[in-house]
Amino acid sequence: MKAQEQKKKKPYTAQDTIPYKEIYRDGICQTADNYFSKTIQFFDINYQLAQNDDKTTIFENYCEFLNYFDSSIHFQISFLNQQVNFEEYVKTIDIPLKGDNFDDIRIFFADMLKMQLAKGNNGLVKTKYITFGIKAENLKMAKARLEKVEAGILSNFKVLGAAAKSLNGVERLKILHDVMNMDTKEPFRFHYGMVAETGLGTKDFIAPTGFDFRNDSMFRMGQTFGCVSYLQITSPELTDRMLADFLDMEENLIVNIHVQPIDPKEAIKSLKNLLSNIQKMKIEEQKKAVRSGYDMDYQKSKMTRVTVWFNLDKDKDIVSWLDKSETSKSEMIKKALRNEMKRSEGNL
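The model shown is predicted, which means the values in this text are computed figures rather than measured ones.

Here the focus is the overall build of the protein chain. Within the protein chain, the regular secondary structure consists of 13 helices and 10 strands. Expressed as a percentage of its 348 residues, the buried residues of the protein chain come to 28%. Here the analysis covers contacts within the protein chain between residues at least 6 apart in sequence; of these, 71% occur between residues at least 24 apart. For the protein chain, the exposed area adds up to about 24100 Å²; of that, 53% sits on carbon and sulfur atoms.

Structural data, given as structure tokens:
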């Protein structure tokens, strides 16, 4: 019975391989019976050129933006570096003439944009999106909730100073078409009236000629070859240039950041487990130090920098910690680290 069910689920066409059920006109995508999503495109802000105080403000607003999402919302931030059809893209930056005294200026700026496009970025266009999804019993219930979340996200982008807009169904389909058909210069031609006119589904207008996943290290879409890498970064310190350095590569590249907010109760439970594990590790290290003949005071100084981050041993302390703003948390951590480093230096 299970073998028959797996056989039914196995995709046999390129269209079956694309994992969604329907993308509706208003931009809502149904990926499963009870899961629905929407996408918002957002644009750059001048973070790298900003003063340090302005960078701090932008970062704090970004933290508040991330905290806007509750545990029922999964969201994904996508950054696309994509090589486009030069002739098609020129049409989007062309400035139409109006037959007045400013036509010379329009021609000058249009030519300048075309020249920059030709030599500046190797024909790459960089776009940014945030896709958020929820579980709901039906489309009607999902629509009401998604629109509310969408309004909140747009408001947060406004606070950040970043322009943003919600994408409709045609715009989301165009993104999928352009990603899966990099080997062809055929432009995306689709409107929802064509579904009734042709009897085809939306997947028929975006699917490549085929998918090939037989190779473990790479895959093929049409005549385009690609690979996927999953990065789990556990570094204690990250530069704010990390993502920019990825996106500065002049190649067809997609970077996705998947975020799943955690329920506060689950966070408390996770912290308590983490505290127990840290304490267990500390005791084991101390036992090893004694067996090896090391001084316990030296071992204690080695462990302080780890335990300072988790010096919360009561539920009420953890709840109080979670309720504090991101700014106050940051200040508490910095103060605790400074004090602990002074004590560690004194012990050494």
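There's more to say after this.
Now for the pattern of salt bridges. In the structure shown here, the tally under the stated rule is 11 salt bridges. The salt bridge involving Lys 174 is made with Asp 178; its shortest N-O contact spans 2.7 Å. Of the two residues, Lys 174 and Asp 178 both sit in helix H7 (residues 169-180), 4 residues apart, roughly one turn of that helix. With relative accessibility at 39%, the residue Lys 174 sits in the partly exposed group. According to the relative accessible area criterion, Asp 178 is partly exposed, its value standing at 23%.

Before going further, it helps to examine the packing of helix H3 (residues 52-67) against helix H6 (residues 139-160). Their axes nearest at 9 Å, the elements H3 and H6 cross at an angle of 175°. In terms of their interaxial angle, H3 and H6 are classed as roughly antiparallel. Every residue of H6 that contacts H3 at Ile 58, Asn 61, Tyr 62, Glu 64 and Phe 65 is listed here: Ile 153, Asn 156, Phe 157, Val 159 and Leu 160. Classifying every residue of the contact of H3 with H6 by side-chain character gives 7 nonpolar, 2 polar and 1 charged.

For the rest of this paragraph, the subject is the pairing of strand S4 (residues 74-83). Here S4 lies mainly inside the structure; 7 of its 10 residues are buried. Relative to strand S5 (residues 124-135), S4 runs antiparallel, the two being bridged by 10 bridges. The partner of Phe 79 across the bridge, within S5, is Lys 128. Two strands pair when backbone bridges link them, and S4 and strand S10 (residues 253-259) are joined in this way by 7 bridges, in the antiparallel orientation. Each bridged residue has a counterpart across the sheet, and for Ile 77 the counterpart in S10 is Ile 257.

Before going further, it helps to spend a moment on the nonpolar core. With 25 residues, the main nonpolar core has Phe 65, Phe 69, Ile 130, Phe 132, Leu 146, Ile 153 and Phe 157 as its most contacted residues. For this core, the elements supplying multiple residues, two or more each, are strand S3 (35-42), H3, S4, S5 and H6. If you tally residues by element for this core, the top one is H6, at 6 residues.

Applying the stated criterion across every chain yields a total of 13 aromatic pairs. Aromatic pair Tyr 68 and Phe 69: ring centres 5.5 Å apart, planes at 75°, arrangement edge-to-face. Judged by its relative accessible area of 32%, Tyr 68 falls in the partly exposed class. Chaining the aromatic ring pairs together yields one cluster made of Phe 42, Tyr 62, Phe 65, Tyr 68, Phe 69, Phe 75, Phe 79 and Phe 157. Taking NZ or CZ as reference, Lys 203 lies 5.0 Å from the ring centre of Tyr 20, over its face.

Overall, the prediction assigns the protein chain a mean pLDDT of 78, with 74% of residues at 70 or greater. For the protein chain, helix H12 (residues 315-323) is the element with the lowest average pLDDT, namely 45, and S3 is the one with the highest, namely 95. Confidence drops under pLDDT 50 across residues 302-327; counting only partners more than four residues distant or on other chains, this segment forms 39 contacts.

Quick notes on the rules
Residues numbered from 1 in each chain as written. Predicted model: local features only at pLDDT ≥ 70, side-chain atom pairs only at ≥ 80, totals over all residues. Heavy atoms only, no water. Helix = DSSP H or I, 4+ residues; strand = E, 2+ residues; numbered from the N terminus. Buried < 20%, exposed > 50% of the residue type's maximum accessible area, 1.4 Å probe, protein only. Contact = heavy atoms within 4.5 Å. Areas by Shrake-Rupley, 256 points an atom, 1.4 Å probe, with all protein chains shown as cover. Salt bridge = Lys/Arg side-chain N within 4 Å of Asp/Glu carboxyl O. Axes fitted to C-alpha atoms, helices over the stretch in contact; angles between N-to-C directions. Parallel < 35°, antiparallel > 145°, perpendicular 65-115°, else oblique. Nonpolar A, V, L, I, M, F, W, Y, C, P; charged D, E, K, R; others polar. Pairing = 2+ DSSP bridges. Core = buried A, V, L, I, M, F, W, Y, C linked by side-chain atoms within 4.5 Å. Phe/Tyr/Trp six-rings, centres within 6.5 Å; stacked < 30°, edge-to-face > 60°. Lys NZ or Arg CZ within 6 Å of the ring centre and 35° of its normal. pLDDT = per-residue confidence, 0-100.

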